[in-house]
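Each chain is listed here by its residues.
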Amino acid sequence: MRHTFFCIDGHTAGNPVRLVAGGAPLLKGATMSERRQDFLERFDWIRTGLCFEPRGHDMMSGGFLYPPTDPANDIGILFIETSGCLPMCGHGTIGIITFGLEHGLIQPATPGSLRVEVPAGLIEIAYNVEGAKVTSVRITNVPSYVAARGIEIDVEGLGPLTVDVSYGGNYYAIVEPQGAYTGLEAMSASQILTLSPRVREAVRAAFEPVHPLDPTIRGVSHVLWTDVPRGEGADGRNAVFYGDKAIDRSPCGTGTSSRLAHLAGQGKLQVGDRFVHESYIGSQFIGRVEKEITLGDTPAIVPSIEGSAIATGFNTIWIDREDRFWDGFQVT
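For clarity, every value in this text was computed on a predicted model and none was experimentally measured.

### Quick notes on the pattern of salt bridges
Argument step 1. A full pass over the atoms with the stated rule returns 14 salt bridges.
Argument step 2. Salt-bridge contacts for D38 lead to R42; the nearest nitrogen and oxygen are separated by 2.8 Å. One end of the pair is D38 and the other is R42, both in helix 1 (residues 32–42) and four residues apart, which spans about a single turn.
Argument step 3. Judged by relative accessible area, D38 falls into the buried class, the value being 9%.
Argument step 4. Using a relative accessible area of 35% as the deciding quantity, one classes R42 as partly exposed.
Argument step 5. Here D323 and R55 are joined by a salt bridge, their closest N and O atoms 2.9 Å apart.

Right, here's the structure in full:
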């Protein structure tokens, strides 16, 4: 059987976003978290078919729009990428909201703002429009917090490291300059791709974070290498590793949220502070610490991330089960 998916392709700050505007499966569940579990159980072949080769690539990510489960909200988003069906994706949200608004797929109850359900919870959106173009999207993200500090690991090719784990919609191992890691200027992309899986594996062996309110959100999935900024106006720089072979071209929305929580936990950011985060390729997001809260019994912050996205074209994709590679493949 041939399955047809109509997509709007583009990028947010350089990282790809594929909004699957037609062909989304009907999902069961009273929340987007439950719908995520249903998608993973019954339809993960759609994710692999659209994100893996030969229809995608190592950096491919995107998502689907769904009606909200609560009529007080505007829309729901389910995320897909090479690393899985994520609880939250910041750059993906910016792209999906931009493309959805520009092409009439999202009709806000209140122009300029949206309430959006994602598997990690409820996020709020503020956006600006000039003519037919959405020029910026600001996400007030899910509560973010530091899950663990001072995890000691030993990484082949790099030696001993002490890392923290922070949550901003996904769990990140955060590596600050230390020891043999002197900063991103001394590391090539190929070195990041070689060392990051070793860091992630070592952290996973030492610690498994579990979200205090949703036990389906668990485990370190990303590695965030920090450094001083290069670009004008930036406050920090990062390289975020995800999947098996991907470096985020954007500053990473959930990664920026995790870093904001991390810096706030160190006393380096306060409520109201702005933090401009620079990506590996020099693109930027504006992060802010909006407020302090408690997540269960854990101190947390509510961060916001602001950026912009560009649609690059329409793409109608077939997944035909007569194709040997109908559900995609990866070369390792």
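### Digging into the state of the cysteines
Argument step 1. Following the criterion strictly, the structure yields zero disulfides and no others.
Argument step 2. The thiol of C51 is unpaired, and the distance to the nearest cysteine sulfur, on C7, comes to 9.4 Å.
Argument step 3. Residue classification places C51 among the buried positions, given a relative accessible area of 1%.
Argument step 4. C51 provides the cysteine sulfur closest to C85, a residue in no disulfide bond, and the two sulfurs are 9.7 Å apart.

### Let's talk about the side chain of R47
Argument step 1. Mapped onto the secondary structure, R47 falls in helix 2 (residues 44–51).
Argument step 2. Judged by relative accessible area, which is 8%, R47 ranks as buried.
Argument step 3. Other than its neighbours up to four places away in sequence, R47 contacts F39, F52, I80, E81, T82, S83, G84 and C85.

### A short note on the packing of helix 1 against helix 2
Argument step 1. Between helix 1 and helix 2, whose axes approach to 5 Å, the crossing angle comes to 75°. One way to sum up the angle between helix 1 and helix 2 is to call them roughly perpendicular. Taking contact as the criterion, the partners of F39, L40 and R42 in helix 1 are, on helix 2, D44, W45, I46 and R47.

### Describing the environment of K291
Argument step 1. By the element assignment, K291 lies in strand 15 (residues 284–295).
Argument step 2. When its relative accessible area of 46% is taken as the criterion, K291 is described as partly exposed.
Argument step 3. In this structure, the C-alpha to C-alpha distance between K291 and T4, residues 287 residues apart in sequence, is 43 Å.
Argument step 4. Excluding anything up to four places from it in sequence, K291 contacts V271, A300, I301 and V302.

### Some remarks on the packing of aromatic side chains
Argument step 1. Under the defined criterion, the tally for this structure stands at ten aromatic pairs.
Argument step 2. Each ring, one from W45 and one from W326, has its centre 5.8 Å from the other, and the planes form 55°; the classification is tilted. Of this pair, W45 sits in helix 2 while W326 sits in the segment after strand 17 (309–320), and the two are 281 residues apart along the sequence.
Argument step 3. Owing to a relative accessible area of 15%, W45 belongs among the buried residues under this scheme.
Argument step 4. Where F64 meets Y66, the ring centres are 6.4 Å apart and the plane angle is 50°; that geometry is what we call tilted.
Argument step 5. Taking the relative accessible area as the measure of exposure, F64 reaches 0% and is therefore buried.

### Quick look at the pairing of strand 11 (residues 220–227)
Argument step 1. Of all eight residues that make up strand 11, eight are buried, and the element is covered over most of its length.
Argument step 2. One ladder, built from five bridges, connects strand 10 (residues 171–175) with strand 11; its direction is parallel. Among the inter-strand pairings, A173 is bridged to a residue of strand 11, identified as V223.
Argument step 3. In this fold, strand 10 hands off to helix 4 (residues 189–206), which returns the chain to strand 11; that crossover is right-handed.
Argument step 4. For strand 11 and strand 12 (residues 236–242), the ladder comprises five bridges, and the chain directions are antiparallel. Bridging across to strand 12, D227 finds its partner in R237.

### A word on helix 1
Helical geometry note: an α-helix holds 3.6 residues per turn, so side chains three or four residues apart project in the same direction.
Argument step 1. For helix 1, every residue scored as buried is listed here: M32, S33, R35, R36, D38 and F39.
Argument step 2. Residues of helix 1 that are buried make contact with helix 2, strand 3 (61–66), strand 4 (75–81) and strand 5 (113–118).

### Section: the nonpolar core
Argument step 1. Formed by 62 residues in total, the largest nonpolar core has its most connected members in I97, V116, I125, I153, V199, V203 and W225.
Argument step 2. Ranked by size, the runner-up nonpolar core spans 19 residues in total, among them L27, M32, M60 and I319.

### Observations concerning the layout of surface pockets
Argument step 1. Considering only enclosed or pocket space, the largest pocket measures out at about 370 Å³ in volume.
Argument step 2. Every element with two or more residues in the lining of the largest pocket is listed here: helix 4 and strand 11.
Argument step 3. When grouped by side-chain class, the residues that make up the lining of the largest pocket number eight nonpolar, nine polar and six charged.
Argument step 4. Empty space within the second largest pocket amounts to approximately 270 Å³.
Argument step 5. Contributing to the lining of the second largest pocket are 19 residues, with V118, P119, A120, G121 and L122 lying nearest its centre.
Argument step 6. Elements that contribute at least two residues to the lining of the second largest pocket include exactly helix 1, strand 5 and strand 6 (121–130).
Argument step 7. Across the lining of the second largest pocket, the residue classes tally to ten nonpolar, six polar and three charged.

How each quantity is defined
Residues numbered from 1 in each chain as written. Predicted model: local features only at pLDDT ≥ 70, side-chain atom pairs only at ≥ 80, totals over all residues. Heavy atoms only, no water. Salt bridge = Lys/Arg side-chain N within 4 Å of Asp/Glu carboxyl O. Helix = DSSP H or I, 4+ residues; strand = E, 2+ residues; numbered from the N terminus. Buried < 20%, exposed > 50% of the residue type's maximum accessible area, 1.4 Å probe, protein only. Disulfide = S-S within 2.5 Å. Contact = heavy atoms within 4.5 Å. Axes fitted to C-alpha atoms, helices over the stretch in contact; angles between N-to-C directions. Parallel < 35°, antiparallel > 145°, perpendicular 65-115°, else oblique. Phe/Tyr/Trp six-rings, centres within 6.5 Å; stacked < 30°, edge-to-face > 60°. Pairing = 2+ DSSP bridges. Right-handed = clockwise from strand over helix to strand, strands pointing away. Core = buried A, V, L, I, M, F, W, Y, C linked by side-chain atoms within 4.5 Å. 1 Å grid on protein atoms, 1.4 Å probe; cavity = no way out; pocket = protein on both sides within 12 Å on 5 of 7 lines; lining within 4 Å. Points joined across faces, edges and corners; volume = space filled by probe spheres on them. Nonpolar A, V, L, I, M, F, W, Y, C, P; charged D, E, K, R; others polar.

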